[in-house]
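Structural characterization, general
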Amino acid sequence: MSAAINWFWFASPQTFFPLAGRIARACWVLAALLALAGLYVGFFVAPTDAQQGEAYRIIFIHVPAAWMSMFLYVVMALWAALGLAFNTRLSSMMASAIAPTGALFTFLALWTGALWGRPTWGAYWVWDARLTSELILLFLYLGFMALQAAIDDPRRADRAGALLAIVGVVNVPIIYYSVVWWNTLHQGASVSLTRAPSMAATMLAGMLLMVLAFWLYSIAASLTRLRCIIRERE
Amino acid sequence: MIAAARCILRRDLLLALRRRGDVATALLFFVIVASLFPLGVGAEPEQLRAIAPGVIWVAALLSSLLSLARLFADDHADGTLEQMLLGAAPLGVIVAAKLLAHWLVAGLPLVAIAPLLALQYGLPAPLYGTLALSLLLGTPVLSLIGAIGAALTLGLRGGGVLLALLVLPLYVPVLVFGAGSLDMAAAGLAPQGQLQLLAALLVVSAAFAPWAIAAALRISTE
Amino acid sequence: MLEAAGLQSARQGRQLFKDLGFALRGGELLRVAGENGSGKTTLLKILCGLLAPDAGEVRWQGTPIRELREDYSRNLVYLGHAPAVKGDLTAAENLGVACTMAGLQASPPAIEEALARYGLPPGVPLRKLSQGQRRRAALARLPLSAAVPLWLLDEPFAALDAAAARLTEALIAEHVARGNAVVYTTHQEAAIGAAVQRVVALG
């Protein structure tokens, strides 16, 4: 992501390996710090919500996780597309490295969504548009990972995954729109976890801190995984 | 180019004709799946009428997956796929012809049989038209999108299940608009919007999917 | 006509060949020799454009085949290991499909004649015929491909009886004599009378 400028110089997996390690280490530390800050703000500083009480605080994890899951899918598809278009191994490896982290955030979003739903709406799972879309996004991530796992030849795995990711990324808006429509058809506006409490400044700060923390975590985790992939393949 | 497309279309239809058993199996699957639900949820007429659109559509999805798994596998195994890759016509055109043949044999019959299932579920007769039209528009989209998955998973272990995992999330819009159009009609509202969306999906996928499938075939055979 | 330069390929972690090159002109016959598993089929597939080499390129009339796509495949006949035929279709139907797909105009009498040369019944579904007969049904494309400048044949003599093998040899020799190019693989010694014969040995 931020390595776009360095890309041309470090397009060789061997050259990028040590740099990836240095960036990853820095990001782990920053991520941990920001996460602590964000959680502190979210759980202790931000005011109690009038309607939902303390339980709403889970959104400090739920919403950033959901945003990251969608953001990472697009980034993953971008790297995969680059790998397919320019035939660069490192780009494809980056896409494969991002996938599990993206899936993790999707799962986290679903899980925290369930935890939020229980005290708020009385049920662990509600079929609202956002949660249902997250569930489908999880399947898209798992499909990508499963396809790459099923193919022995790394070159075919990279290119097949890239095609799948591109088809997926194009379909995601269509899927989301269809799920939103489906939700309004069947449930009306009764249940919606997306109606978060109106944002006080501290709440916004807390969310942003968590988003940054998750983003840096993603970079760190992906780069670390990338190093493993490079070591495995080269 | 047209000659090659017509040739493949004829060939696949001829092959399907001589292997009628395979075709019948997929259709039978459609009927069996749809017949299982009442056994699972109970035969209460109100309930059946309510779940009918969803059940018929899900059964259609699963049936199409079943027939798609074999779409390229046979050609890949006996070497004819290679010849198509080396053909004088662009691969996208050949793929489109194959898909048309596949839909005529595996998709169109679903449209024909669906009213029988609708009868089983007590769906009121005025909805049959919407049912047929939604399936007519939706089943080609299922073939087009599913074929991308079939091309990507060519020759892989765990083929059929992997294909399902890849393709079912992409089927969601078709399912939602297809079954949704019936729900709208059942509620007395006009299903035009959803049918138009299905038509739009059909046009877009017909334009782009053959090239994605051709690319996937090249990736899978290199 | 056909040039290969710096071809390199590895399959399943094994290096098959490295820095392989040759130049084939019209009227020349190229035999790719090597034992089973030495990469003959891989090389042939790279020459058709079905596989991409790890390094190097193949050129047809000076242009890389990657850029030519259909313009290149129109100029070649590739017969691979598997007889690319459908068991449920008859020999005549299979040949008809193969010709149309290759962009060749083949009239029904011409198809019947080609099948007759190889001693094949035109109206029987191929799954009822033997392995050798199915191979011959695939080879029956050769008499109809006189106008195609490049033939790439993978083990054309495998599972053939003496008469069919002689016929195939004669067809190849005729084709080369007319100024075209033929590349074929075999792990046997073959006796084809052609003016210029080259050998690429793998493994």
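Cut-offs applied
Residues numbered from 1 in each chain as written. Chains lettered and ligands numbered in written order. Predicted model: local features only at pLDDT ≥ 70, side-chain atom pairs only at ≥ 80, totals over all residues. Helix = DSSP H or I, 4+ residues; strand = E, 2+ residues; numbered from the N terminus. Buried ≥ 20, exposed ≤ 12 C-beta atoms within 10 Å, placed from the backbone. Contact = placed C-beta atoms within 7 Å. Domains from an automatic or database assignment. Pairing = 2+ DSSP bridges. Nonpolar A, V, L, I, M, F, W, Y, C, P; charged D, E, K, R; others polar. Arc of directions from axis to C-beta. Axes fitted to C-alpha atoms, helices over the stretch in contact; angles between N-to-C directions. Parallel < 35°, antiparallel > 145°, perpendicular 65-115°, else oblique. Left-handed = near helix turned anticlockwise from the far one by under 90°.

Once that is clear, we can look at the overall build of chain C. A count of helices and strands for chain C gives seven helices and nine strands. The buried share of chain C, reckoned over its 203 residues, is 44%. The long-range share in chain C, meaning contacts at least 24 apart out of those at least 6 apart in sequence, stands at 72%.

Secondary structure summary: chain A contains six helices and zero strands in total. Along the chain direction, N to C, the helices and strands of chain A fall in the order α-α-α-α-α-α. Scored against the burial criterion, the 234 residues of chain A give a buried share of 44%. Taking contacts inside chain A between residues at least 6 apart in sequence as the whole, the part at least 24 apart equals 82%.

With that out of the way, let us pick up the domain arrangement of chain C. All names here are of chain C. Domain assignment breaks chain C into domain 1 (1-75 + 149-203) and domain 2 (86-148). The centre of domain 1, based on its C-alpha atoms, is set 22 Å off from the matching centre of domain 2. With 14 residues of domain 1 in contact, the opposing surface of domain 2 contributes 13 residues. Mapped onto the side of domain 1 that touches domain 2, the elements with two or more residues apiece are strand S7 (150-154) and helix H7 (162-177). Considering every element that reaches the side of domain 1 that touches domain 2, the biggest residue donor is H7, with five residues.

Let's shift gears to the pairing of strand S1 (residues 2-11) of chain C. Residue and element names in this part refer to chain C. Here seven bridges tie S1 to strand S2 (residues 14-24), and the two strands are oriented antiparallel to one another. Note that in S2 the partner of glutamate 3 across the bridge is alanine 23. Connecting the antiparallel pair S1 and S2 is a turn made up of two residues, with glutamine 12 showing a positive phi of about 50°. Summarising the sheet, S1 and strand S4 (residues 55-60) pair through five bridges and their orientation is antiparallel. Counterpart to alanine 4 in the pairing with S4 is valine 58.

Bringing the interface of chain B and chain C into the picture now. Counting residues at the interface gives 21 residues for chain B and 22 residues for chain C. Of all the elements in the fold, those that place two or more residues in the side of chain B that touches chain C are helix H1 (2-18) and helix H5 (80-85) of chain B. Per-class residue counts for the side of chain B that touches chain C are ten nonpolar, five polar and six charged.

Okay, the interface of chain B and chain A next. Taken together, the contact pairs 22 residues of chain B with 23 residues of chain A. Among the secondary structure elements, those contributing two or more residues to the side of chain B that touches chain A are helix H8 (127-152), helix H9 (159-186) and helix H10 (192-221) of chain B. If one sorts the elements of the side of chain B that touches chain A by residue count, H9(B) sits on top with eleven residues. Its residues assigned to classes, the side of chain B that touches chain A comprises 16 nonpolar, three polar and three charged.

Quick reminder: α-helices carry 3.6 residues per turn. Residues three or four places apart thus point the same way. Residue and element names in this part refer to chain C. Taken as a whole, helix H5 (residues 108-117) has its buried residues at Ile111, Ala114 and Leu115. Along H5, the residues classed as buried sweep out an arc of 95° about the axis, all on the same side. Contact partners of the buried residues in H5: helix H4 (91-101). A positive phi of about 70° marks glycine 119, the residue just after H5.

The next point concerns unusual backbone geometry. Residues and elements named next belong to chain C. At aspartate 19, a position not held by glycine, the phi torsion is positive, near 55°. Relative to the assigned elements, aspartate 19 resides in strand S2. Given 10 C-beta atoms within 10 Å, aspartate 19 falls into the exposed group. Although it is not a glycine, glutamine 61 adopts a positive phi angle of roughly 50°. Topologically, glutamine 61 is positioned in the loop between S4 and strand S5 (63-64).

This brings us to the sheet that holds S5(C). Through backbone hydrogen bonds, the strands of a sheet pair up, either in parallel or in antiparallel fashion. Residues and elements named next belong to chain C. Pairing is antiparallel in the open sheet, where four strands are placed in the order S2-S1-S4-S5. Either end of the sheet is taken by a strand with one partner, and the two such strands are S2 and S5. Lying over the sheet, helix H1 (residues 40-48) contacts S1, S2 and S4, oriented at roughly 130° with respect to S1.

All names here are of chain B. In the contact formed by H9 and H10, the axes pass within 8 Å of each other and the chain directions differ by 155°. The orientation of H9 with respect to H10, classified from their angle, is roughly antiparallel. Of the two elements, H9 crosses H10, and the hand of that crossing is left-handed. Note on element contacts: H10 touches H9 through Gln194, Leu195, Leu197, Leu198 and Leu201, opposite Pro173, Val174, Phe177, Gly178, Gly180, Ser181 and Met184. Along the lines of polarity and charge, the residues of the contact of H9 with H10 split into eight nonpolar, four polar and no charged.

Moving on, we come to the environment of A:Val167. For A:Val167, the location among the structural elements is in helix H5 (residues 154-187). With residues up to four places along the chain from it excluded, the contact list for A:Val167 reads B:Ile148 and B:Ala212.

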